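Take a look at the letters that make up each chain.
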Amino acid sequence: MRITYLIVLSLALSFTHPIFAQKDKSPKKTELEKTLEKGRDQLKSEIHLDDSILKFQAVPDKWKNESAVILLNYIAVQHVNAKKQPVGEASREYHFKRILLQDHFAINDFSEFELEENQILEVKVIKPNGDTILLDKSKAVSDEIRIEDRIGYYGFYLPDFTNGTKIPVPGLEPGDIIEIEQYYENVFSSYTSGVVRTFWRDYYNLRRLNLNYPVCYHVMDFKLSKNIQFNWKSMNGAPEIQKSKGDKNNFAYRFVDSMRDRNKAEFWSPGTVTFPFVKYSISRFKSGKSLSEFGNTSKGKALQKVRKSQIKDLIYSLEYKNEELTHSHVMRDFTLKYAHENMDPETYVNKFYEYYRAYYHFEVADDPEDVLNNFRFVLIMKRILQKKNLEYDYVVGIPRQFGALDDIISVNEITIGLRIHETGQILQVFNVYSLMGEVSNSLKGTEVFIVKPAKSSKKIHVSRDTLPQAPSEENTYLYEVNAKLLPGYQKIEVENKVTLKGYARYGYVRDMPYTIFQWDLNTMFGEDYLQVGTNRVWYEDMDREEYQSEKQRRDTTLTYELNKASLKKLKNSHRNKYYEIKDYNKFELIENGRLTDAPQLRYKEEYVVEGLCGQAGAYYVLDLGRLLGQQLEIIDSEDSIRNQDIYFGYPRVISYKLRFELPIGMKVSGLEAFNIDVDNESGSYTMVARQEGNMIIIEASKTYKQVLLNKSEWTSVKSFIDAAVDLNSKRIVLTR
């Protein structure tokens, strides 16, 4: 069996003055703990911060009513040569925070911390009188993990769950300062040798400056060997990084930001689309044409803009090198499986996409980094297009939350696709939920590079184009609800048919039950799907009897447990303040939305609700509008005044069709209140109602027309949002 070791990194930190908290005096320390402490102490000895920053507590008057204020948010990053280490270099990261707690809401946020393996975590509480309390790690308790909370990404089988460990921080009070210190480096424990150092990989990082609390000082220090490539960019008005004093073997940079207001929580926050942030990439210096990080011409100098020639070199590498990165065996197996089928080129490409996606179901578990990088997908799809003589261009873009084309600094922040000349289809999104030809919503409406490959990198042609923005009708939610009052008029029986298309489908399919994954795997691989991908490693040494026994266990006990948990999760998804689901009776998947020729996700569910019908003498008052579910409601006075621009993410349409069956002999009044029509440039909401015999029919539709709107448009946004909220109060009166 292949064993994979993962380093799980989490946030936390701690300083006091003279700067740092005392070491934890635990009786025994593992080799890993000793190694980490040695690296931490060495890094901390090189940190130099002014006392004016370390001791700062003069919170501005404008922040006196904030729940908490981050006095200092410090990060130190080192990638330096270290000859005594097995791999010849060290990668270290140190975090430190000092936070002033000003009310009980903040105390709840810092009342416990999660303890991860392979890191040092120390938390200290400083009382107003100067007393200090060090977090007692011996009080750590295991976290309960419920199966229904883990269904989705690995929903086709049960992974080995490990409980997280949390440490409580008792006795916190307003006025306390909490200090959090965290350190990690490129080491992890091994069963055989105690401590192993790993080769760190090129990585990309993005840090927002507007956090959940205001920040007095945000400081980052970088110490990097001169054979390290450092790419950096300040975005949306963030301060620039400054080169600081290094030494003969290393160069250094420092970033300082101060007095930054918090990011106030608002619906559809634009995040880094408009807020200031900094991004950086650290990698080994390379001048060759490979899939490595974009390099600079001079060592020790930060790269802040990628040149067109570097884009050409990257595409040349994709076109003519790196074939070893493709899953060639998947292409071989597919070719053998469908060798005798006569398919046109477009069908062949579609079929391979679905086959590769199903295989990838298992690969994700083995190599999670593949999820974040679409290069391997592009490499193998390029070979498929070449096999079928389909001409293509490369499409190189950057998600809008990272900036625009001229803001690219890192290979890790771009996304690459293939545009097929014959169909215009773009192959860009690929994961276990995606469909052939889908393009990320973060790219739609943005400017991209269109790159035509050539046998010489100098002859590669690069131009710019703008991808069309998806119309609202491309992303749709349709809820067809059939309902009727049960005898006694207290309960309502509901049949809900749901159809999701576009990103609505993509965003929801991750939470669907086990049935989706089971169907897809059986379709692609037949009854022996357990022998594919990662599972092939698990079962290759089994004889047939063992295999059948394991398969039966998975198809009975495991399937039962997953489906039972899935139904519980689906029932909980209907929770709202208006009614209670008494019985969730059925879920039926009609189309799983994972085939190119059937791209819609369709399912049906049946349940019984209670709490929508009340009696007043001879009258029955029915909250019919609430039967369609809780609508987004903006009621907080702070949210009524917009401080940020409005980022919908993607245009979409949410439609409802309700057919409510009246009991025989019942009369209805109040139906005219269900007719609404609000329409403006930001969105719309329409609703019409009518009665046909003993059937009440209501049709409603809410449309988000834009992606990003100026905050001055908030009034028009609220007009169609509030119109939909009004549905929550719509009632009808029934009499005999």
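Residues numbered from 1 in each chain as written. Predicted model: local features only at pLDDT ≥ 70, side-chain atom pairs only at ≥ 80, totals over all residues. Heavy atoms only, no water.

On to the overall build of the chain. Within the chain, the secondary structure is distributed over 13 helices and 35 strands. Looking at the chain as a whole, 53% of its 736 residues are labelled buried. In the chain, of all internal contacts separated by at least 6 residues, the share reaching a separation of at least 24 is 75%. Counting only carbon and sulfur atoms, one obtains 48% of the accessible surface of the chain, whose full area is about 34,600 Å². (Helix = DSSP H or I, 4+ residues; strand = E, 2+ residues; numbered from the N terminus. Buried < 20%, exposed > 50% of the residue type's maximum accessible area, 1.4 Å probe, protein only. Contact = heavy atoms within 4.5 Å. Areas by Shrake-Rupley, 256 points an atom, 1.4 Å probe, with all protein chains shown as cover.)

Counting through the fold element by element, glutamate 354 comes out in helix α6 (residues 345-366). Buried glutamate 354, no salt bridge; nearest opposite-charge side chain is lysine 351, N-O distance 5.1 Å. Here threonine 596 takes part through its backbone nitrogen, which lies 2.8 Å from a polar atom of the side chain of glutamate 354. (Lys, Arg positive; Asp, Glu negative; His and termini not counted. Salt bridge = Lys/Arg side-chain N within 4 Å of Asp/Glu carboxyl O. Polar contact = N/O pair within 3.5 Å; in protein donor to acceptor, adjacent residues only side chain to side chain.)

Relative to the helices and strands, leucine 709 resides in strand β34 (residues 708-709). For the pair formed by leucine 709 and proline 270, sequence separation is 439 residues and the distance between their alpha carbons is 9.4 Å. Excluding anything up to four places from it in sequence, leucine 709 contacts Asp645, Ile646, Phe648, Ser682 and Val717.

With that settled, consider the nonpolar core. Core analysis: the biggest nonpolar cluster contains 60 residues, and Ile492, Leu624, Leu627 and Phe660 have the highest contact counts within it. A total of 7 residues in this core trace back to one element, the largest contributor, which is helix α13 (residues 714-725). With sequence-adjacent residues up to four places away left out, phenylalanine 660 is seen in contact with Ala483, Lys484, Leu485, Ile492, Leu622, Leu624, Leu627, Asn694, Met695 and Ile696. The next biggest cluster of nonpolar side chains, apart from the first, holds 53 residues, and it includes Tyr316, Tyr355, Ile414 and Val451. (Core = buried A, V, L, I, M, F, W, Y, C linked by side-chain atoms within 4.5 Å.)

Here the focus is the sheet that holds strand β20 (residues 447-452). A sheet is described by the order of its strands in space; here 5 strands give the open sequence β19-β18-β17-β20-β21, paired in antiparallel fashion. The open sheet has two edge strands, β19 (426-427) and β21 (461-466), and neither has a second partner. Here β20 pairs with β21 via 6 bridges, running antiparallel. Its bridge partner being in β21, isoleucine 450 is matched across the sheet by serine 463. Contacts from helix α7 (residues 375-387) reach β17 (392-397), β18 (415-420) and β19, with the element oriented near 15° to β18. (Pairing = 2+ DSSP bridges. Axes fitted to C-alpha atoms, helices over the stretch in contact; angles between N-to-C directions.)

With that settled, consider the pattern of salt bridges. Within the structure shown, the criterion is met by 37 salt bridges. Of the charged contacts in the structure, one is a salt bridge between glutamate 66 and arginine 262, with a shortest N-O distance of 2.7 Å. Here glutamate 66 is found in the loop between α2 (51-54) and β1 (68-81), whereas its partner arginine 262 is found in the loop between β15 (250-260) and β16 (277-284), with 196 residues between them in sequence. Note on arginine 262: relative accessible area 22%, which makes it partly exposed. Taking the shortest distance from any N to any O, the salt bridge between aspartate 393 and arginine 419 comes out at 3.8 Å. Here arginine 419 lies in strand β18 and aspartate 393 lies in strand β17, a separation of 26 residues in the sequence.

We now examine the confidence of the model for the chain. In the predicted model, the chain carries a mean pLDDT of 81, and 79% of its residues have values of at least 70. The model gives residues 1-24 a pLDDT under 50, and that stretch makes 79 contacts with residues more than four places away or in other chains. Counting interchain partners and residues more than four positions distant, the pLDDT-below-50 stretch residues 523-541 has 45 contacts. (pLDDT = per-residue confidence, 0-100.)

Another point: the sheet that holds strand β30 (residues 667-669). Two orientations exist for strands paired in a sheet by backbone hydrogen bonds: parallel and antiparallel. Spatially, the 4 strands line up as an open sheet ordered β26-β27-β35-β30, and their pairing is antiparallel. Two strands close off the open sheet at either side, each with one partner strand: β26 (613-616) and β30. Each adjacent strand pair in this sheet contributes to an overall mean axis angle of 30°, direction not counted. As paired strands, strand β27 (residues 619-622) and strand β35 (residues 732-735) are joined by 3 bridges and run antiparallel to one another. When the bridges of β35 are listed, leucine 622 appears paired with isoleucine 732.

Scanning all chains against the criterion turns up 35 aromatic pairs. Ring centres of phenylalanine 334 and phenylalanine 352 lie 5.2 Å apart, and the angle between their planes is 80°; on these two criteria the pair is classed as edge-to-face. In this pair, phenylalanine 334 is assigned in helix α5 (residues 328-337) and phenylalanine 352 in helix α6, connecting sequence segments 18 residues apart. By relative accessible area, which is 0% here, phenylalanine 352 ends up buried. When the ring of tyrosine 353 is compared with that of phenylalanine 430, the centres are 5.5 Å apart and the planes differ by 85°; the resulting orientation is edge-to-face. Taken together, the residues span a long stretch of sequence, with tyrosine 353 in helix α6 and phenylalanine 430 in the loop between β19 and β20 at a distance of 77 residues. Overall, tyrosine 353 belongs to the buried group, its relative accessible area being 1%. Given a relative accessible area of 10%, phenylalanine 430 falls into the buried group. Cluster of aromatic residues (ring-pair linked, three or more members): Phe334, Tyr338, Tyr348, Phe352, Tyr353, Tyr355, Tyr356, Phe377 and Phe430. When the ring centre of tyrosine 348 is taken as origin, the NZ or CZ atom of lysine 388, which lies over that ring, is 4.1 Å away. Positioned above the aromatic ring of tyrosine 704, the side-chain terminus of arginine 652 is 4.1 Å from the ring centre. (Phe/Tyr/Trp six-rings, centres within 6.5 Å; stacked < 30°, edge-to-face > 60°. Lys NZ or Arg CZ within 6 Å of the ring centre and 35° of its normal.)

Interhelical geometry of helix α4 (residues 308-320) versus α7 gives an angle of 55° and a closest axis separation of 9 Å. Classified by the angle between their axes, α4 and α7 sit oblique to one another. Relative to α7, α4 is oriented so that their crossing is right-handed. Together, Leu314, Leu318 and Glu319 of α4 and Phe375, Leu379, Lys382 and Gln386 of α7 make up the contact between the two elements. (Parallel < 35°, antiparallel > 145°, perpendicular 65-115°, else oblique. Left-handed = near helix turned anticlockwise from the far one by under 90°.)

Bringing the pairing of β18 into the picture now. In terms of residue burial, β18 counts as a mostly covered element, since 5 of its 6 residues are buried. Looking at chain direction, β18 and β19 are connected through 2 bridges and run antiparallel. Across the sheet, residue arginine 419 finds its bridge partner in β19, namely isoleucine 426. The hairpin formed by β18 and β19 contains 5 residues between the paired strands, and glycine 424 there has a positive phi angle of roughly 75°.

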